[in-house]
Amino acid sequence: MSHHDERTFVMVKPDGVQRGLIGDIVSRFEDRGLKMVGGKFMQIDEKLAHEHYGEHEDKPFFDGLVEFITSGPVFAMVWEGADATRQVRNMMGETDPADSAPGTIRGDFGLDLGHNVIHGSDHEDEGANEREIDLFFDEDELVDYTLDTAAWVYEDEDH
Ligand code: IDP
Ligand code: MG
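Residues numbered from 1 in each chain as written. Chains lettered and ligands numbered in written order. Predicted model: local features only at pLDDT ≥ 70, side-chain atom pairs only at ≥ 80, totals over all residues. Heavy atoms only, no water.

- In the nomenclature of an unreviewed UniProt entry, the chain corresponds to Nucleoside diphosphate kinase from the organism Halosegnis rubeus.
- The annotation that UniProt attaches to the chain under Sequence similarities (unreviewed entry) is "Belongs to the NDK family."
- Heading Subcellular location (unreviewed entry) of the UniProt record for the chain holds this comment: "Cytoplasm". (UniProt positions renumbered as here; feature names shortened; annotations may be inferred.)

## Looking at the site of ligand 1
- Taken together, Lys13, Tyr53, His56, Phe61, Leu65, Arg89, Thr95, Arg106, Leu113 and Asn116 make up the full set of residues near ligand 1.
- Within the side chain of Arg106, an N or O atom sits 3.0 Å from an oxygen atom of ligand 1.
- The separation between an oxygen atom of ligand 1 and a polar side-chain atom of Asn116 is 2.8 Å.
- Alone, ligand 1 offers 530 Å² of accessible surface; in the complex the protein occludes 76% of this.
- For ligand 1, the cavity whose grid points lie within 2 Å of the majority of its atoms is the largest pocket.
- Of the residues that constitute the shell around ligand 1, the class distribution is 4 nonpolar, 3 polar and 3 charged. (Near = heavy atom within 4 Å. Polar contact = N/O pair within 3.5 Å; in protein donor to acceptor, adjacent residues only side chain to side chain. Areas by Shrake-Rupley, 256 points an atom, 1.4 Å probe, with all protein chains shown as cover. 1 Å grid on protein atoms, 1.4 Å probe; cavity = no way out; pocket = protein on both sides within 12 Å on 5 of 7 lines; lining within 4 Å. Sits in = over half its atoms within 2 Å of the grid points. Nonpolar A, V, L, I, M, F, W, Y, C, P; charged D, E, K, R; others polar.)

Written as structure tokens, this is what we have:
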């Protein structure tokens with residue numbers, strides 16, 4: 001794998017789907033030069049919600065979080081690119097939209113901590129990206145292909 005091939009898990013949460021933000025959010029990652037290698041419009045069940053948010057099991061907001069994330073469809077994605085996990089987190093903003101800078105996804109689209117529009121793997125949690133990709137996608141649901149614009153995004157990518 002080249003250094004352009006880091007993969008990260010991203011998901012438009014039920015509030016983002018209901019508010020019609022899938023297209024806008026996908027556009028931001030496309031515009032940045034990242035490559036979508038997987039995408040799935042789906043409903044999260046209780047079991048998957050518990051697995052995905054297992055690290056927060058003991059937090060007071062856990063039950064509400066599970067209820068929210070299972071309350072309607074989500075759009076789960078895998079994005080690939082240089083430093084993808086950290087770059088996506090930067091584009092998302094802070095966990096609380098109220099603390100997120102304008103120009104970030106949460107800073108542009110949210111006002112409330114519980115409804116913060118998007119999930120992205122934590123770049124400070126080693127291996128979280130791979131774990132979450134495995135949880136949501138089968139290997140054959142991820143597509144290997146060449147994005148022709150990559151040569152213009154990356155200086156050291158061949159034409
Ligand atoms: P992150 O989504 O920015 O990685 P985490 O700390 O991993 O933030 O928390 C996971 C999700 O749990 C948040 O995105 C948010 O939806 C919810 N959450 C986190 N902290 C709180 C809280 O204090 N109250 C309510 N919901 C919370
Ligand atoms: Mg997190």
